[in-house]
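# Per-entry structural report
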Amino acid sequence: MSNPIRVERVSTGIPKIDEMLAGGIPRGFAVAVTGEPGTGKTVFCIHFIAEGLKRGEKGIFITTEESRSSIIVQASQFGFDFRRGEEERRLVIIDALMRSERSPWTLTALNPEELVEKVIEAKKYLGYGPTRLVVDSLSAFWLDAPAMARRHSYFIKRVLTQWDLTILMTSQYAITTSEAFGFGVEHVADGIIRFRRSVAGGVLRRFIMIEKMRWTPHDKRMYEIDIVDGKGLVVLGPTHLRKEDVTLPSRVAERIIRAREKSEREVGI
Ligand SMILES: Nc1ncnc2c1ncn2[C@@H]1O[C@H](COP(=O)(O)OP(=O)(O)OP(=O)(O)O)[C@@H](O)[C@H]1O
Ligand SMILES: [Mg+2]
């Protein structure tokens, strides 16, 4: 039997999470980062981009829920200079929230075609070499049509994987009155990194778990994390919390399951 083909891995910027991933995210993967609001998805994405810049790689950060300057401020609180990255033409932050007419790095509409076009434009602008892409959040691209989530994610992945990108795409569980978003990305993604939260004893706690990572003998435990001023995301250690402590309330979970079934029926999968 021949030896397995060696997998090149990309560091996430957080040594403990790299360890959980047997070294990092396989280069070229598109990984879904999911979780409830405020659990650390954007902070994690910031580390991922900052680590690339540190290693001389390029970065593209698409932000749909926060402005470009909000991302720059947040990064600076953890010691990362994203403005310099932009000035040195190593980072492009595409602001899909403010949509300033003066900047070329904006999206006029949140549709998958425009997303893909802009990423390719940014990649050409940054030039040759390994590039990290963050789409925060991807679910924003089908707010009007959650049933299209899987088809859109498939399209985006198919096109973008041809461009030497390692991709993080966030998705939320934003429960509105009748729908839940987020599903669709998970099946298409090469990996799923799930963030969770709980309130125990009146205190907010956050957790991370690698739920899926192709080609990777990853850690299967849930780890408690914290977000620390001046530092960013810190992994505290594996936790023995009961599942009930961190799962969604059953009413919400049922709604998500119903929305997922409906979405799969509509897309015909
Ligand atoms: N400088 C800081 N020091 C300590 N904690 C911070 C700091 N900045 C942000 N945080 C924490 O990080 C949280 C935000 O995390 P993050 O933006 O990554 O959430 P998210 O999972 O992306 O949420 P959403 O789905 O709403 O975008 C804040 O609510 C706060 O608790
Ligand atoms: Mg966020």
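Structural data are supplied above this passage.
Summarised in this report is the structure supplied together with it. No experiment lies behind these values; they were computed from the predicted model shown. (Residues numbered from 1 in each chain as written. Chains lettered and ligands numbered in written order. Predicted model: local features only at pLDDT ≥ 70, side-chain atom pairs only at ≥ 80, totals over all residues. Heavy atoms only, no water.)

### So, the pairing of strand β11 (residues 232-238)
- The pairing of strand β10 (residues 223-228) with β11 spans six bridges and is antiparallel. In the strand pairing of β11, Asp-226 is matched with Val-234.
- Linking two consecutive strands that pair antiparallel, namely β10 and β11, is a turn of three residues; a positive phi of about 85° is found at Gly-230 within it. (Pairing = 2+ DSSP bridges. Helix = DSSP H or I, 4+ residues; strand = E, 2+ residues; numbered from the N terminus.)

### Remarks on the sheet that holds strand β6 (residues 131-136)
- Spatially, nine strands are ordered β5-β4-β6-β7-β3-β8-β9-β10-β11 in an open sheet, and the strand pairing comes out mixed. With one partner strand each, in any of the chains shown, β5 (91-95) and β11 form the two edges of the open sheet. Averaged over all pairs of adjacent strands, the angle between strand axes in this sheet comes to 20°, irrespective of strand direction.
- Taken together, the five bridges between β6 and strand β7 (residues 165-172) define a ladder with parallel strand orientation. (Axes fitted to C-alpha atoms, helices over the stretch in contact; angles between N-to-C directions.)

### Digging into the packing of aromatic side chains
- Applying the stated rule across the entire model yields three aromatic pairs.
- The positively charged end of Arg-132 is found above the aromatic ring belonging to Phe-48, 4.7 Å away from the centroid. (Phe/Tyr/Trp six-rings, centres within 6.5 Å; stacked < 30°, edge-to-face > 60°. Lys NZ or Arg CZ within 6 Å of the ring centre and 35° of its normal.)

### Comments concerning helix α6 (residues 149-160)
- With twelve residues, α6 extends 16 Å between its outermost C-alpha atoms, agreeing within 8% with the 16 Å of an ideal straight helix rising 1.5 Å per residue.
- For α6, the set of buried residues is Ala-149, His-152, Ser-153, Ile-156, Lys-157, Val-159 and Leu-160.
- Considering only its buried residues, α6 is in contact with β3 (30-35), α5 (112-126), β6, β7 and α7 (185-188). (Expected span 1.5 Å × (residues − 1). Buried < 20%, exposed > 50% of the residue type's maximum accessible area, 1.4 Å probe, protein only. Contact = heavy atoms within 4.5 Å.)

### Focus: the site of ligand 1
- Around ligand 1, the structure places 16 residues, and the nearest of them are Gly-38, Thr-42, Gln-77, Arg-206 and Asp-229.
- The separation between an oxygen atom of ligand 1 and a polar main-chain atom of Thr-39 is 3.2 Å.
- Between ligand 1 and Val-43 there is a distance of 2.9 Å, counted from an oxygen atom to a backbone nitrogen or oxygen.
- Alone, ligand 1 offers 650 Å² of accessible surface; in the complex the protein occludes 71% of this.
- Those elements giving two or more residues to the shell around ligand 1 turn out to be α2 (41-54) and β10.
- Ranked by residues supplied to the shell around ligand 1, first place goes to α2 with three residues.
- Its residues assigned to classes, the shell around ligand 1 comprises five nonpolar, seven polar and four charged. (Near = heavy atom within 4 Å. Polar contact = N/O pair within 3.5 Å; in protein donor to acceptor, adjacent residues only side chain to side chain. Areas by Shrake-Rupley, 256 points an atom, 1.4 Å probe, with all protein chains shown as cover. Nonpolar A, V, L, I, M, F, W, Y, C, P; charged D, E, K, R; others polar.)

### Observations regarding α5
- Taking 1.5 Å per residue, 15 residues should reach 21 Å; α5 reaches 21 Å between its end C-alpha atoms and fits that length.
- Buried residues in α5 make contact with β4 (58-63), β5, β6, α6 and β7.
- Positive phi shows up at Gly-127, right after α5, with a value of about 90°.

### Some points on the nonpolar core
- Ile-17, Phe-44, Phe-61, Phe-82, Leu-168 and Leu-233 are the most contacted members of the largest nonpolar core, which has 36 residues in total.
- Looking at this core, the element that brings in the most residues is α2, giving eight residues.
- Those residues in contact with Ile-17 that sit more than four places away from it in its chain are Thr-12, Phe-44, Ile-208, Leu-233 and Val-235.
- If you look at the next biggest cluster of nonpolar residues, it comprises 29 residues, including Ile-94, Phe-141, Leu-165 and Ala-189. (Core = buried A, V, L, I, M, F, W, Y, C linked by side-chain atoms within 4.5 Å.)

### Focus on the packing of α2 against helix α3 (residues 68-76)
- Axis separation between α2 and α3 bottoms out at 10 Å; the angle between their running directions is 75°. In terms of axis orientation, α2 runs roughly perpendicular to α3. Contact residues: Thr-42, Val-43 and Ile-46 in α2; Ile-71, Gln-74 and Ala-75 in α3.
- When its residues are assigned to classes, the contact of α2 with α3 shows four nonpolar, two polar and no charged. (Parallel < 35°, antiparallel > 145°, perpendicular 65-115°, else oblique.)

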